[in-house]
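Coordinates in review
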Amino acid sequence: MSTYYQIFGGKINVVTSDPSDPIEGQTWYNTTSEVLKYRAATAAGAWAAGGNMGTARYILAGAGTQTAGLAFGGYTTADSALTEEYDGTSWTSGGNLATARNGLAGCGIQTAGLAFGGGDPSYSNATEEYNGTSWTSGGNLGTARQYPAGAGTQTAGLGLGGEAATGNTAATEEYDGTSWTSGGSLATARNALAGAGTQTAGLGFGGLTATAVANTEEYDGTSWTAGGNLGTARHTLAGAGTQTSALAFGGGPPNSAATEAYNGTSWTADTSMSTARRRLAGANAGPSSSTAAFGGKTTVNVANTEEFTGAGAGVTKTVTGS
Amino acid sequence: MAKNYQYCVAECWGSGFITLEDAIKIRISGFPGNVWQVPAHNPDANLWIMKVAGSFKTVQEAQAIVTAEVEAAQAAWDALPEDQKNRPGNNSRPTDIVLPE
């Protein structure tokens with residue numbers, strides 16, 4: 001029988017505690033736990049539990065990244081103005097929105113976030129800008145709407161779809177940090193859709209017309225073209241990533257834990273979240289390989305956060321006899 | 001019939017409740033009422049239930065908890081004004097959930 005030394009030309013390190021930052025393929029024997037361990041790359045994405053939000057709520061908006069996330073607005077038993085900031089472990093309170101509302105959209109990062117639209121009882125055109133501490137008013141949307149999607153940044157934002165006073169809207173608006181201007185219209189007017197990407201390379205997917213839809217549309221800064229359909233038609237979902245590497249998760253009906261990854265052409269199923277829910281929000285400024293889902297509703301409002309890590313992440317495994 | 005799943009009740013405390021390593025080793029699914037489903041006959045699943053101080057439930061016990069939660073949500077939905085039932089996210093009655101063995 002060949003030995004490890006004969007095959008790999010080196011000996012297994014014997015340590016009392018696991019190395020803090022092992023590389024893929026590294027192997028060691030831990031004398032404290034008396035187990036052989038190695039570092040491997042994950043073959044598929046995985047959702048882990050993150051810190052619970054301070055306030056369970058749904059129809060909220062999100063921005064930022066997995067380690068610097070932002071949650072704001074939504075509905076508890078009434079419209080909420082609450083903002084919470086995530087550091088990758090726990091949520092802390094931020095400055096309140098000036099206008100409590102639900103069904104709003106968000107984009108940007110934790111220290112430069114953007115909130116727009118929403119409503120209940122009336123459709124809102126309000127835009128607010130977050131600086132990491134407090135919200136200040138920005139330019140109003142041209143079309144007041146609830147349940148739009150957002151993408152991009154505080155100074156190059158994208159607002160798409162939603163429900164306006166006249167019904168579902170296909171209208172797209174672009175924000176420059178001061179005011180909104182009209183962009184190309186979606187082919188399919190809808191609300192409760194999700195967005196990802198940037199103002200010049202955006203993505204809109206899912207949503208509600210008369211029923212849940214699977215449509216994906218890609219924006220080039222001027223007009224929308226059809227992309228590949230989601231495998232699962234759904235609305236009130238969340239998204240993250242870019243136009244060529246996006247993630248869709250949650251939504252309904254019924255409440256879904258489904259996660260799908262987009263490669264610029266088509267969606268493929270990825271590992272589902274642990275908790276099926278809709279009307280959730282996501283850290284939509286992060287890459288598709290590292291995002292977070294938070295809030296939403298199962299049968300009740302939830303505060304759960306789940307953190308997605310895409311395939312290829314390093315994970316320490318223990319060698320077992322079985 | 002061999003069981004494919006086992007159930008427990010545990011409150012998700014946040015970070016560390018399901019670690020990345022947990023999620024890679026086993027499929028952990030949450031249901032209403034803090035009911036969690038993990039694979040049966042799986043040492044990693046047993047360790048996870050111990051870690052989260054989960055209270056083991058038979059599938060019948062878990063089903064009863066989930067059903068009570070769903071029925072409460074259905075009653076709340078039924079009581080909504082008709083215009084609210086048409087709002088996005090509200091436009092379908094919470095559906096029954098059947099836990100597999």
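Parameters at a glance
- Residues numbered from 1 in each chain as written.
- Chains lettered and ligands numbered in written order.
- Predicted model: local features only at pLDDT ≥ 70, side-chain atom pairs only at ≥ 80, totals over all residues.
- Helix = DSSP H or I, 4+ residues; strand = E, 2+ residues; numbered from the N terminus.
- Rg over C-alpha atoms; globule rule 2.2 N^0.38 Å.
- Buried ≥ 20, exposed ≤ 12 C-beta atoms within 10 Å, placed from the backbone.
- Contact = placed C-beta atoms within 7 Å.
- Core = buried A, V, L, I, M, F, W, Y, C linked by C-beta atoms within 7 Å.
- Pairing = 2+ DSSP bridges.
- Axes fitted to C-alpha atoms, helices over the stretch in contact; angles between N-to-C directions.
- pLDDT = per-residue confidence, 0-100.
- Expected span 1.5 Å × (residues − 1).
- Arc of directions from axis to C-beta.
- Nonpolar A, V, L, I, M, F, W, Y, C, P; charged D, E, K, R; others polar.

Right, let's get into the overall build of chain A. The helix and strand tally for chain A stands at one helix and 30 strands. The globule rule puts the C-alpha radius of gyration for 322 residues at 20 Å, and the 21 Å found for chain A is close to it. Judged by the C-alpha coordinates and their principal axes, chain A covers about 75 × 40 × 35 Å. Relative to its full complement of 322 residues, chain A shows a buried share of 56%. Expressed as a percentage of contacts within chain A between residues at least 6 apart in sequence, the contacts between residues at least 24 apart total 50%.

Moving on: the overall build of chain B. For chain B, the helix and strand inventory stands at four helices and four strands. Oriented by its inertia axes, the alpha-carbon framework of chain B measures out at about 50 × 35 × 20 Å. Within chain B, the proportion of its 101 residues that are buried is 32%. The long-range fraction of contacts in chain B, counting pairs at least 24 apart against all pairs at least 6 apart in sequence, stands at 67%.

Counting residues in hydrophobic clusters, the biggest one holds 90 residues, and the most contacted among them are Phe72 and Ala248 of chain A. Beyond its immediate stretch of four places on either side in the chain, Phe72 of chain A contacts Leu60, Ala61, Leu82, Thr83, Leu97, Gly106 and Ala115 of chain A.

All names here are of chain A. Across the two faces of strand 25 (residues 259–262) the burial is the same, with Thr259 and Ala261 and Glu260 and Tyr262 all buried. Of the strand pairs in this sheet, strand 25 and strand 26 (residues 267–270) are connected by four bridges, and their pairing is antiparallel. Within strand 26, the position partnered with Ala261 by the bridge is Thr268. Between the end of strand 25 and the start of strand 26, which pair antiparallel, lie four residues, with Gly264 showing a positive phi angle near 100°.

What follows concerns the sheet that holds strand 4 (residues 46–50) of chain A. Residue and element names in this part refer to chain A. On the basis of which strands lie adjacent, the open sheet formed by four strands has the order 4-29-28-27 and antiparallel pairing. Edge positions in the sheet fall to strand 4 and strand 27 (281–282), since each has one partner strand and no second. The pairing of strand 28 (residues 290–294) with strand 29 (residues 305–309) spans five bridges and is antiparallel. Paired with Ala293 across the two strands is Glu306, which belongs to strand 29.

Moving on: the sheet that holds strand 2 (residues 27–30) of chain A. Residue and element names in this part refer to chain A. In space, the four strands of this open sheet follow the order 1-2-3-30, with mixed pairing throughout. Single-partner strands in this sheet number two, and they are strand 1 (13–15) and strand 30 (314–318). Strand-to-strand twist in this sheet, taken as the mean axis angle between neighbours without regard to direction, amounts to 30°.

When pLDDT is averaged along chain B, the result is 91; 94% of the residues meet or exceed 70. What the predictor reports for the complex is a pTM of 0.89 with an ipTM of 0.87.

We now examine helix 3 (residues 59–78) of chain B. Residues and elements named next belong to chain B. If you check helix 3, its first and last C-alpha atoms are 28 Å apart, about what 20 residues at 1.5 Å a residue would give, namely 28 Å. Residues of helix 3 that are buried include every one of Ala62, Val66, Glu69 and Val70, and no others. Take helix 3 and look down its axis: the buried residues cluster within an arc of 95°, on one side only. Exposed positions of helix 3 whose direction lies more than 90 degrees from the buried face are Gln60, Ala75 and Asp78.

Turning our attention to the pairing of strand 3 (residues 35–41) of chain A. Residue and element names in this part refer to chain A. Bridge analysis of strand 2 against strand 3 gives four bridges, and the strand direction is antiparallel. Pairing of Asn30 across the sheet is with Val35, part of strand 3. From the end of strand 2 to the start of strand 3, which pair antiparallel, there are four residues, and Glu34 there has a positive phi angle of about 55°. In the sheet, strand 3 pairs with strand 30 via five bridges, with the strands oriented antiparallel. Bridge pairing in strand 30 places Ala41 opposite Gly314.

With that out of the way, let us pick up the interface of chain A and chain B. At the junction of the two partners, chain A supplies 28 residues and chain B supplies 23 residues. Of the residues forming the side of chain A that touches chain B, the biggest block, five residues, is contributed by strand 4 of chain A. Grouping the amino acids of the side of chain A that touches chain B by side-chain chemistry returns 11 nonpolar, 15 polar and two charged.

Residue and element names in this part refer to chain B. Within helix 2 (residues 43–51), the full set of buried residues consists of Ala45, Trp48 and Ile49. For helix 2, the buried positions fall inside an angular range of 100° around the axis, keeping them on one side. Across from the buried face of helix 2, at angles greater than 90 degrees, the exposed residues are Pro43 and Met50.

As a rule of thumb, non-glycine residues mostly have phi less than zero, and peptide bonds are mostly trans rather than cis. All names here are of chain A. Pro253 follows Gly252 through a cis peptide bond whose omega is -10°. Residues Pro253 and Pro254 are joined by a peptide bond in cis, for which omega reads -10°. Tracing the backbone through its elements, the reader meets Pro254 in the loop between strand 24 (245–249) and strand 25. In the Ramachandran plot, Ala192 falls in the positive-phi region, its phi being about 55° despite a non-glycine side chain. Looking at the secondary structure, you find Ala192 in the loop between strand 18 (180–182) and strand 19 (194–197).

Looking now at the environment of Thr271 of chain A. All names here are of chain A. Relative to the helices and strands, Thr271 resides in the loop between strand 26 and strand 27. Each C-alpha atom of the pair Thr271 and Glu128 lies 34 Å from the other, and the pair is 143 residues apart in sequence. Ignoring sequence-local partners within four residues, the contact set of Thr271 consists of Ala44, Gly45, Ala46, Trp47 and Thr259.

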